[in-house]
Amino acid sequence: MPIQTLESLRMLCLELLGLTLTMAGVVVIATYWYFGSFALPAAQGALGFTLLMLFVSALPLQLYAATRIVALRRRNKQLFHIATRDGLTKVLNRAAFQKSVELRIGPDSRRRAEDDVPHTLLVLDADHFKRINDRLGHGTGDEALSLIAATLRMNVRKDDLVGRLGGEEFAVLLRNAGYEEAMIVAERLRSRINMLEVGPRHQRTRLSVSLGGISFKTKVSFEAVYKIADTNLYKAKTSGRNRVTLSQLGTLRSVGGTHHQIEAKARRA
């Protein structure tokens, strides 16, 4: 059971116990007022029986409340998952992805300067996606998007973020990944997706994506780094597609091309 749920249950039990003790105090006062004292056996018997029933009935009440709070937390978790995930690809939707990125890298994030680690934002777009929809149908297009999203999730770490920004555009935030490591990851994503095929047996179509990205090590807004990554994505698209264009904030060095072109330009950089 999650720690937050256990803490909520503990607080609920304490609150119910406090309420039970308050009710017990009310019973004591009412008994004394009715009988005039506790000397009479009838007063002692009535007080003892009433207190016993009060504490006995409090136990099932606590169990019921605990069951309800666990069920409500589980339901809230499901609703949160639905609200923050893209319905088709199951990765973060645009709003949830942007908010999660801002919490990690934004100017208002709680990271201390000495805790800063490099990040890289990758933005990728499926090549010739409209052609797939027109030739093979929207069902095949949905299959392509789901395969791309699954490939992204399987080829990044658990603490990296993957989101669908809309249409055939996805984004990945790589934590603790500078320029060199991000180039390796981006090229791996490009090549793995380029191995995928969709469509009927007689019309199999190989998928490919173009990637643009920006590596940085500072607190910066999502809009700022997204604008640079999107510009690099456009460069990758206009340079022939199925390639990576990556910049580093500050030096703004960039690399673009297919696998062999990337390696050659990286060696020259």
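Each value, and the rule that gives it
All residue numbers refer to positions counted from 1 along the written sequence of the respective chain. Totals for whole chains, interfaces and linings use all residues, but because this is a predicted model, local features are given only for residues with pLDDT of at least 70 and pairs of side-chain atoms are given and counted only at 80 or more. Only hydrogens and water are set aside; all other atoms, that is, all heavy atoms of the structure, feed into the side-chain values. In DSSP terms, a helix is any run of H or I states spanning at least four residues, a strand is any run of E spanning at least two, and both are numbered starting from the N terminus. Think of it in three bands: with a 1.4 Å probe and only protein chains considered, a residue is buried below 20% of the maximum accessible area for its type, exposed above 50%, and partly exposed in between. We call two residues in contact whenever any of their non-hydrogen atoms come within 4.5 Å of each other. Residue-level accessible areas treat just the shown protein chains as cover; the underlying method is Shrake-Rupley with a 1.4 Å probe. Here a pair means two rings of Phe, Tyr or Trp (six-membered ring of Trp) with centres within 6.5 Å. Their orientation is stacked below 30 degrees between planes, edge-to-face above 60, and tilted elsewhere. By definition, being over a ring means that NZ of Lys or CZ of Arg is both within 6 Å of the ring centre and within 35 degrees of the ring normal. If DSSP finds at least two bridges between two strands, the strands pair.

Undergrad: Go over the overall build of the chain with me, naming the residues and quoting the values.
TA: Each helix and strand in the chain was counted, giving 8 helices and 8 strands. A buried classification covers 41% of the 269 residues belonging to the chain. Restricting the contact set of the chain to residue pairs at least 6 apart, pairs at least 24 apart contribute 68%. Counting every atom, the chain has about 15600 Å² of accessible surface; 60% of that belongs to carbon and sulfur.

Undergrad: Can you lay out the packing of aromatic side chains for me, pointing to particular residues and giving the numbers?
TA: Within this structure, the stated rule accounts for 4 aromatic pairs. With centroids separated by 5.0 Å and ring planes inclined at 80°, the aromatic side chains of Tyr 34 and Phe 35 adopt a geometry described as edge-to-face. Overall, Tyr 34 belongs to the exposed group, its relative accessible area being 62%. Overall, Phe 35 belongs to the partly exposed group, its relative accessible area being 27%. Clustering of aromatic rings is evident, with ring pairs tying together Phe 97, Phe 222 and Tyr 226. Arg 94 extends its terminal NZ or CZ atom over the ring of Tyr 226, reaching a point 5.4 Å from the ring centre.

Undergrad: Give me the lowdown on the pairing of strand β3 (residues 169–175), citing residues and values where you can.
TA: The buried count for β3 comes to 6 of 7 residues, which makes it a mostly enclosed element. Two strands pair when backbone bridges link them, and strand β1 (residues 119–126) and β3 are joined in this way by 7 bridges, in the antiparallel orientation. Bridging across to β3, Asp 125 finds its partner in Glu 169. Sheet analysis places strand β2 (residues 161–166) next to β3, joined by 5 bridges and oriented antiparallel. Within the sheet, the bridge partner assigned to Val 162 lies in β3 and is Val 172. Adjacent in sequence and paired antiparallel, β2 and β3 are bridged by 2 residues, among which Gly 167 carries a positive phi angle near 60°.

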